[in-house]
Amino acid sequence: MTAPSLDVRGLAYAYPDGHQALFGVDLTVERGERVALLGPNGAGKTTLVLHLNGILTGGAGGVTVAGLPVGKKHLAEIRRKVGIVFQDPDDQLFMPTVREDVAFGPAAAGVRGAELEAVVRRALERVGMERYADRPPHHLSFGQRRRVAVATVLAMEPEILVLDEPSSNLDPASRRELADILRSLDVTVLMVTHDLPYALELCPRAVILSEGVIAADGRTGEILADGELMARHRLELPFGFVPSSVA
Ligand SMILES: Nc1ncnc2c1ncn2[C@@H]1O[C@H](COP(=O)(O)OP(=O)(O)OP(=O)(O)O)[C@@H](O)[C@H]1O
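Description of the structure in this document.

Procedures and definitions
Residues numbered from 1 in each chain as written. Predicted model: local features only at pLDDT ≥ 70, side-chain atom pairs only at ≥ 80, totals over all residues. Heavy atoms only, no water. Pairing = 2+ DSSP bridges. Helix = DSSP H or I, 4+ residues; strand = E, 2+ residues; numbered from the N terminus. Near = heavy atom within 4 Å. Polar contact = N/O pair within 3.5 Å; in protein donor to acceptor, adjacent residues only side chain to side chain. Areas by Shrake-Rupley, 256 points an atom, 1.4 Å probe, with all protein chains shown as cover. Nonpolar A, V, L, I, M, F, W, Y, C, P; charged D, E, K, R; others polar.

Some details on the pairing of strand E2 (residues 20-29)
Line of reasoning, step 1. Relative to E2, strand E1 (residues 6-14) runs antiparallel, the two being bridged by seven bridges. The residue of E2 that forms the bridge with Leu11 is Val25.
Line of reasoning, step 2. What sits between the antiparallel neighbours E1 and E2 is a turn of five residues, in which Gly18 has the positive phi angle 100°.

A few points about the environment of Gly221
Line of reasoning, step 1. Structurally, Gly221 can be placed in helix H8 (residues 220-225).
Line of reasoning, step 2. Along the chain, Gly221 and Arg79 lie 142 residues apart, while their C-alpha atoms are 32 Å from each other.

Here's the deal with the site of the ligand
Line of reasoning, step 1. Taken together, 13 residues are adjacent to the ligand, and Asn41, Gly42, Lys45, Thr46 and Thr47 come closest.
Line of reasoning, step 2. In the environment of the ligand, an oxygen atom lies 2.9 Å from a nitrogen or oxygen atom belonging to the side chain of Asn41.
Line of reasoning, step 3. Considered on its own, the ligand offers 630 Å² of accessible surface; in the complex 62% of this is hidden by protein.
Line of reasoning, step 4. The residue makeup of the shell around the ligand, split by class, is four nonpolar, seven polar and two charged.

Nothing here speaks to function; it is all geometry.
Okay, here's the thing in structure tokens:
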């Protein structure tokens, strides 16, 4: 039996100022699942995500990625396996060209020459950005930069792709194109989002994190249709949006 892509057990965490952000989170994501992580502002979503690749450590409980415990011992391998796409692509793109940005991670991991070229080409093809390889990232549109940011992570062949608000600042066409790309990827996805229709469109399963605990875990359509549950956790659908449970 293959280990789940992600297994979070009893994760509790207080920031150094004493503020307790997580109170014992349990979450298992099987290989190939796409899961939306929902929850109001301040629920602990970012705190949880920062534990997945060991940026935050030191609380109670633990995280394993594909069976590997997240911790100092395996940090390089964990960082390769957990690809985080941050909300602002400019936090992730810093090289003179798109090609160099996508090559950066694999090159640091020792990939060279023709193999490196192939890895970069493949990653850019997966997000439909191969024609932009020689362009400076800052000459691209925001939506294009987000796709390149996804490619920089895919180039590492991650076990799990973690996306922080992937649809933010995208126009409707870019939003749909990114959804098509994410659906086409054969990778486990954990998507943090306040965009509930996007969660429904992309993720069959959703988890609500609220006040540092998992408050609900189930089919996205059913969760979004549960008005009482949604209201209790300050989640609101856009006006006129009627969720169906077909995701
Ligand atoms: N560096 C920090 N020091 C102390 N408390 C923090 C720190 N970062 C976050 N917190 C607190 O921890 C709690 C969880 O914050 P977190 O950023 O994980 O929430 P979130 O669900 O990602 O929210 P949002 O939807 O607004 O991004 C909040 O109460 C927040 O104020």
